[in-house]
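# Coordinate analysis (summary)
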Amino acid sequence: MRIYVVLIVAALCVLPVATGAQEKPFVQARGSVVPVPLPPGGPPPRMSDGHVDLSGVWFPGPTGKANAWSVVPEQRAKEDPIPFQPWAEAKYKSFTRVDLELGSANVNCSPVGTPGMFTDNAYVHQIDTKPGQLIHLIENNNRWRVIHTDGRPHKKPEDLEPLFNGDETAHWEGDTLVIDSISIDERTWIRDGWFHSDQLHVIERLRRPSLNYLEYQFTIEDPKVLTKPWTSTWMTLSLGHEDLTENFCTRNENVEQLQKLAEQQKAAGKK
Amino acid sequence: MRATASLACGLLVLLTWSPAFAHHAFAVEFDATKCSDITGTLTKVSYENPHAYVFVNGKNPAGETVELTFQLSSTSNLKRGGATYAALNGSVNKEVTVRGCLSRNGTDNRYAASFIKLADGTIQRVGQDVEGIFGTKLWR
């Protein structure tokens, strides 16, 4: 409840600013918005089996719409440091900014995987749930996943194969849907250069505390890379009323440009 | 005063949630210290992903008229922000002004654009705030 009070107070703070704008200079044009959060909107809907219905079009952040042009700096909530093993910490810290760009699925247009579809994705999600199943559509590069939510076990070890989203199954813990993923392709990142091993185990949690809000949290277990499991803070998404739009990654010039920059920096001895 | 209040309130909002971070950081590839307003004739719009592009016949830093390439955001961000396919194409063969930052790697005439003033005088935001004008420099 506290978050809603904070959001509503913040929205009231913004109103005089939004209505007081007169002439705008070039750099303060249309599209540069201060976020105004949605109200809670009432209790969440429920499915015929009594579980919370997570269905909706969900935008990252509290406004129920795109926030790409927000005038407010992006802030990452305070989280525990990633408990890397020493060799992994050294590798992680060795990445240059250009390395991180070149390795980003959003630059090279490769699959973001699990949990990258939430942690490395500023775009819109559509979720459709029915008893026993969740369908997750991801606007960014037109991705999708379908997950059984009946608590069935993972595939037998001999039937597993590396998959970008992993072998996924889900069950309900009260009003929280818990998605359990293993056998995730090592080419994906958790986020921002955080690489993983073939032993990665991702536990995602989705809950809908009210009509207008969806919350997401994930836990990473990776005994080859981390010293102990790590759990994120809860990420907020909010209910939008727009359709997803087509977004195929086809004209990718950044890789070539960044590779050229990397070669120049290497020659200059810069990190 | 109003701007300060706005920023404080906005920060209050954002500190309560952990966003999925931006698509990726333009400031790595483009130089925030080499930005300028560039006026010329819009010749072509490529409305694609991961980034759209606009091409403008304008003057390069040496004062020569050449075709300049401006990288924009994704079509998802553009259309939701108002810079639709139709809005941009309406200025083809007309004069526009673009706020652009040069590529760091020396590729000739390649910029990231943050804003465009279209032929009808409307201004659209079209890309990341590489310069950090709003304090929104998108780097972790």
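Above this text you will find the structure in question.
Residues numbered from 1 in each chain as written. Chains lettered and ligands numbered in written order. Predicted model: local features only at pLDDT ≥ 70, side-chain atom pairs only at ≥ 80, totals over all residues. Heavy atoms only, no water.

### A closer look at the overall build of chain B
Short version of the rule: Put simply, DSSP H or I for four residues or longer makes a helix, DSSP E for two residues or longer makes a strand, and each gets a number counted from the N terminus. Burial here depends on accessible area, computed with a 1.4 Å probe over protein chains only, as a share of the maximum for the residue type. Under 20% is buried, over 50% is exposed, and the range in between is partly exposed. Contact criterion: two residues are considered in contact whenever any of their non-hydrogen atoms come within 4.5 Å of each other. Here the Shrake-Rupley method, with its probe set to 1.4 Å, supplies the accessible areas, and only the displayed protein chains count as covering residues.
Looking only at helices and strands, chain B has four helices and six strands in total. Reading chain B from its N end, one meets helices and strands in the order α-α-β-β-β-α-α-β-β-β. For chain B, the residues scored as buried account for 59% of the 140 residues in total. In chain B, 55% of the contacts between residues at least 6 apart in sequence involve partners at least 24 apart. Taken as a whole, chain B presents about 5,400 Å² of accessible surface, with 51% of it coming from carbon and sulfur.

### Details of the overall build of chain A
Across its full length, chain A carries six helices and 10 strands. Scored against the burial criterion, the 271 residues of chain A give a buried share of 51%. Counted over contacts in chain A with a minimum sequence separation of 6, partners at least 24 positions apart contribute 60%. When the accessible area of chain A is evaluated, it comes to approximately 12,900 Å², of which 54% is carbon and sulfur surface.

### A short note on the pattern of salt bridges
What counts here: Definition used for salt bridges: Asp or Glu carboxyl oxygen within 4 Å of a side-chain nitrogen of Lys or Arg.
Scanning all chains against the criterion turns up 15 salt bridges over all chains. In this structure, E242 of chain A and R80 of chain B form a salt bridge, with 2.9 Å as the shortest nitrogen-oxygen distance. Taken together, the positions of E242 of chain A in the loop between β10 (235–240) and α6 (254–268) and R80 of chain B in helix α3 (residues 75–81) put the pair across two chains. A relative accessible area of 30% places E242 of chain A in the partly exposed class. The shortest N-O distance in the salt bridge between R110 of chain B and E29 of chain B comes to 3.0 Å. Remark: E29 of chain B occurs in helix α2 (residues 26–29) and R110 of chain B occurs in strand β5 (residues 110–117); sequence separation between them is 81 residues. Judged by relative accessible area, R110 of chain B falls into the buried class, the value being 4%. Here the salt bridges share partners, and the residues they tie into one network are E139 and E242 of chain A together with R80 of chain B.

### Quick look at the pairing of strand β3 (residues 133–138) of chain A
Residues and elements named next belong to chain A. Rules: Paired strands, as defined in this entry, are two strands with at least two bridges between them according to DSSP.
Two elements, strand β2 (residues 125–130) and β3, share six bridges in a ladder whose sense is antiparallel. Looking at β3, one finds that K130 is bridged to Q133. Adjacent in sequence and paired antiparallel, β2 and β3 are bridged by two residues, among which G132 carries a positive phi angle near 90 degrees. Sheet topology note: the β3/strand β4 (residues 143–148) ladder contains six bridges and is antiparallel. Looking at the pairing, I135 lines up with V146 of β4. Counting the residues that bridge the hairpin from β3 to β4 gives four residues, and of these N141 lies at a positive phi of roughly 65 degrees.

### Focus on the environment of Q264 of chain A
Locating Q264 of chain A in the fold gives a position in helix α6. Q264 of chain A sits in the partly exposed class, given a relative accessible area of 32%.

### Some remarks on the state of the cysteines
Disulfide: a covalent bond formed between the sulfur atoms of two cysteine residues. Just so we agree on the cut-off: Defined by distance alone, a disulfide is two cysteine sulfur atoms within 2.5 Å.
Per the counting criterion, the structure on display carries two disulfides over all chains. Between the sulfur atoms of C109 of chain A and its disulfide partner C249 of chain A the distance amounts to 1.6 Å. Remark: C249 of chain A occurs in the loop between β10 and α6 and C109 of chain A occurs in the loop between α4 (105–108) and α5 (113–119); sequence separation between them is 140 residues. Put simply, C35 of chain B and C101 of chain B are joined by a disulfide, and their sulfur atoms are 2.1 Å apart. Every disulfide takes its handedness from the sign of the S-S torsion; for C35 of chain B and C101 of chain B that torsion is 105 degrees, giving right-handed.

### Structural notes on the nonpolar core
For clarity, the threshold we go by: Throughout, nonpolar core names a set of buried Ala, Val, Leu, Ile, Met, Phe, Trp, Tyr and Cys residues whose side chains join them through atoms within 4.5 Å.
In this structure, L54, F84, L177, W194, L206 and I220 of chain A are the most contacted members of the largest nonpolar core, which totals 39 residues. Secondary-structure elements contributing two or more residues to this core are α2 (86–94), α5, β3, β5 (167–173), β6 (176–182), β7 (201–210), β8 (213–221) and β10 of chain A. The biggest single contributor to this core is β8 of chain A, with four residues. Sequence-distant contacts of F84 of chain A, that is, excluding residues within four places in its chain, are made with E89, Y92, W194, V225, L226 and T227 of chain A. Core analysis: the next-biggest nonpolar cluster, separate from the first, contains 21 residues, L42, A83, V96 and A113 of chain B among them.

Interpretation in functional terms is not warranted from these geometric data alone.
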